[in-house]
Amino acid sequence: MSSTVKDIQDEIIEEFSMLDSDMEMTISYIMELGEQLPEMDESLKTEQNIVKGCQSKVWLNATLNDGIIDFQADSNTAITKGLVSLLIRIVSGRSPQEIVDIDFYFIDKIGLNRFIGTQRSNGLGAMMKQIKLYGLAFSTLV
Amino acid sequence: MATLEKHKIDIDKVRAEFPILDQKVNGKQLVYFDNAATNQKPQRVIDALVHHYQTDNANIHRGIHTLAERSTTAFEETRKVIQVFINANEAEEIIFTKGTSESINLVASSWGRKFLNTGDEVIISALEHHSNIVPWQMICEERGAVLKVMPINEKGEIILEKVDELLSEKTKMVALNHASNSLGTINPVKEIIKKAHAAGAKVLIDGAQATSHLPVDVQDLDADFYAFSAHKMYGPTGLGVLYGKRILLEKMPPYQGGGEMIKEVSFEKTTYNDIPYKFEAGTPDIANVIAFKEAIHFINELGKANIAAYEDGLLTYATARLKEIDSVRLIGEAANKVGVISFEVEGIHHFDLGMWMDAKGVAVRTGHHCTQPLMDFYCIEGTVRASFSVYNTLEEVDIFISALKSIIERFNK
């Protein structure tokens, strides 16, 4: 078995610790991660797949293949796209049960709550909820 | 480096009154350009709050003990200071609310329920904040009235000829802002009030963005209602004012029931108190009202004309510097503006710009600024908005411009 959810979250925490809480370096790094996010097929960017934030949009789609969920996502803002890519790195290729059980603790640890927490702005909180809902829905199929 | 002329603001002295400005955020000196959302509070406002709680705190109006007397006197003094500040005919025409939104809701609900009927029309402008749209939509729906919109031109100015076309004997209320929160446009409210009155309509002015920048004389304007918020004029949050002409306020039913607003209560019948108390149910925001007086003193001491001249200088300089950048598109270029600049940058989402600005210590607002219909007019989702107060400086504008330039470079690399 490859890396667990915990392994990847710990890896991300390690990566961000090198940025030394410097906000500009952090944002820059998040944007670079966004640039590496596999492109989402335009046909999947439907109204139905929008997870809407106040200021930025996120598209999220999921498919179940052989008991494994594959997520595709994108955002219309560079920073949110980077954050989306972090989530995708953690959740893609997992079983529905693993998704249901996920605790996204890395967000607290790398000081990203301000990107997600109380601000209604970027739809990332809604995206995490939607990921879990996909997990729950698919868990009834496997 | 540009300099500002034609004002008498001692900027070092002004800034010394705002302790919050002297700090670093994300390791950078704070540049606070989100003043249209709320501006910062001078030390004297903070001191007044502390002083009230340390020495005078008591509930007002009903108490017969010394602290109650002190609190009541201080509270009512603010009402008189506001009366003079906006040149209302009498202090009883000043009603304390939670903010501009509540002031507008009060009028829409109380006046609207009594005076709006099926087929009547309410006219707002395309520049309005949701706070001056939604309360009217709600009451129009309830009363079977129709909501109409004064259109604007590409610069973000109300098209006055269209106002004439919209006004008719069906028009019962015209509600618009004195200055736009999204674009900064100063609206010709005196002229529109005159037109509306000629058609037999009443007028409510949303003054949230005007009171700390522009002279406001409600009698000269002949406004029927004028609403504004303390926190956008160096005062405390959670407090607003509704000015209304006595003749109208007296005819309006209470907005909320409770203590303070009654004369006699029995289970069969309640008689209501006189204005302004009829509209101030429950214990008001005593400490904030008392501290608000200091904010108005702060504005009066500097002088509105000085403040306006100073902020105009910042606006002109910042606008010119933004125009140097090719990928910047200014949204709203009205001839008359308060210190608000909205813009977008080609190829960069406003959310990304706002986050980057914050990382560089510059606080700006991004998004639709609670004016979605206005954003639709310009076919955009939102803007970046920089807005100025009297404590901002040209050096801060320079920091803002270099931050913006370096962010644009980062995106183009």
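Predicted, not measured: the structure shown is a model, and the values here were computed from it. (Residues numbered from 1 in each chain as written. Chains lettered and ligands numbered in written order. Predicted model: local features only at pLDDT ≥ 70, side-chain atom pairs only at ≥ 80, totals over all residues. Heavy atoms only, no water.)

(A) Main features of the overall build of chain A. Helix and strand content of chain A: seven helices and three strands. Each of the three principal axes of chain A carries a C-alpha extent, and together these read 45 × 35 × 25 Å. Across the 142 residues that make up chain A, the buried fraction comes to 48%. Sequence separation of at least 24 residues holds for 63% of the intrachain contacts in chain A that already meet a minimum separation of 6. Side chains of chain A carry 12 positive and 21 negative charges; the gap between the two charge centres is 8 Å. (Helix = DSSP H or I, 4+ residues; strand = E, 2+ residues; numbered from the N terminus. Buried < 20%, exposed > 50% of the residue type's maximum accessible area, 1.4 Å probe, protein only. Contact = heavy atoms within 4.5 Å. Lys, Arg positive; Asp, Glu negative; His and termini not counted. Charge placed at Lys NZ, Arg CZ, Asp CG, Glu CD.)

(B) Expanded view of the sheet that holds strand β16 (residues 365-367) of chain B. Residues and elements named next belong to chain B. Taken together, four strands build an open sheet; the order of strands is β13-β14-β17-β16 and the sheet is antiparallel. Two strands close off the open sheet at either side, each with one partner strand: β13 (328-331) and β16. Ignoring which end each strand starts from, the neighbouring axes of this sheet average 30° apart. Strand direction decides the pairing type here: β16 and strand β17 (residues 383-387), joined by three bridges, are antiparallel. Directly across from G367, in β17, lies its bridge partner T383. This element, helix α11 (residues 304-323), spans β13 and β14 (340-345) of the sheet and lies at about 10° to β14. (Pairing = 2+ DSSP bridges. Axes fitted to C-alpha atoms, helices over the stretch in contact; angles between N-to-C directions.)

(C) A look at the pattern of salt bridges. Residue and element names in this part refer to chain B. Under the criterion given, the structure shown has 33 salt bridges over all chains. The salt bridge involving R79 is made with E76; its shortest N-O contact spans 2.8 Å. Taken together, the residues R79 and E76, both in helix α3 (residues 66-85) and three residues apart, mark about one turn of the helix. Here the two residues R79 and E76 agree in accessibility, since each one is buried. (Salt bridge = Lys/Arg side-chain N within 4 Å of Asp/Glu carboxyl O.)

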